[in-house]
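Below, each chain spelled out in residue letters.
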Amino acid sequence: MRRRIGATAAAIGAIAAVTMGGPSAGATVTQVGMYPGINFGSVTNYGTGCTYTARATVTDIVAPVVFYDNGVPFGVVRPSGGVALIDWVPATQGPHTISAVQEPYAPYVASIDLPVGEGVHLGYACVVRGG
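Described below are features of the structure shown in this document. Small disclaimer: the values here were computed from a predicted structure and weren't measured.

Notes on the side chain of His96
Here comes step 1: If you trace the backbone, His96 turns up in strand β7 (residues 94-102).
Here comes step 2: Residue His96 is classed as buried on the basis of its relative accessible area of 3%.
Here comes step 3: Within the structure, His96 has its side chain in polar contact with the backbone oxygen of Thr92 (distance 2.7 Å).
Here comes step 4: In contact with His96, not counting residues within four places along its chain, are Asp69, Asn70, Trp88, Pro90, Ile112, Asp113, Leu114 and Val116.

A short note on the pattern of salt bridges
Here comes step 1: What the rule picks out here adds up to one salt bridge.
Here comes step 2: The residue Glu118 makes a salt bridge to Arg129 at a minimum N-O spacing of 3.2 Å. Within this pair, whereas Glu118 is found in strand β9 (residues 118-122), its partner Arg129 is found in strand β10 (residues 125-129), the two being separated by 11 residues in sequence.
Here comes step 3: Glu118 gets classed as partly exposed once you look at its relative accessible area, which sits at 31%.

A few points about the sheet that holds β7
Here comes step 1: Strand order in this open sheet of four strands is β5-β4-β7-β8, and the pairing throughout is antiparallel. Among the strands making up the open sheet, the edge pair consists of β5 (72-77) and β8 (110-116). Going from strand to strand, the sheet's axes swing by 20 degrees on average, the running direction of each strand aside.
Here comes step 2: Strand direction decides the pairing type here: strand β4 (residues 65-69) and β7, joined by five bridges, are antiparallel. Considered in β7, the bridge of Val65 is made with Gln102.

Structural notes on the sheet that holds β10
Here comes step 1: Spatially, the three strands line up as an open sheet ordered β2-β10-β9, and their pairing is mixed. The sheet is open, and its two borders are formed by β2 (40-41) and β9, each paired with just one other strand.
Here comes step 2: Both β2 and β10 contribute to a ladder of two bridges, which runs parallel. Directly across from Gly41, in β10, lies its bridge partner Val128.

Conventions used here
Residues numbered from 1 in each chain as written. Predicted model: local features only at pLDDT ≥ 70, side-chain atom pairs only at ≥ 80, totals over all residues. Heavy atoms only, no water. Helix = DSSP H or I, 4+ residues; strand = E, 2+ residues; numbered from the N terminus. Buried < 20%, exposed > 50% of the residue type's maximum accessible area, 1.4 Å probe, protein only. Polar contact = N/O pair within 3.5 Å; in protein donor to acceptor, adjacent residues only side chain to side chain. Contact = heavy atoms within 4.5 Å. Salt bridge = Lys/Arg side-chain N within 4 Å of Asp/Glu carboxyl O. Pairing = 2+ DSSP bridges. Axes fitted to C-alpha atoms, helices over the stretch in contact; angles between N-to-C directions.

As structure tokens, then:
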């Protein structure tokens, strides 16, 4: 009888451990994108001095999202409906990696690589040379 009680208690403990599990995975940025707006170029749509909208899709609709340009933070924003949006104005030409992480958890960082050329303003739009 004692063995049966011990085995039953062990089985219940194992089931509780599986169903209760450990802490949840936390907040995650699942995707990063960039809207080019009405800016355009022959090689890239992204130019210096032009304004773009960075987008991060997230799993936590409350935790703030930190955006980075080549590893340097350029803004923090709270998401709305699972999406965080922020303006980005590249200052230098060349390759840029735009990444985002949902603080303070940061289990995963999503990113996108973008070439940036020289931006020439034409009213509300930019023409981009090079890239």
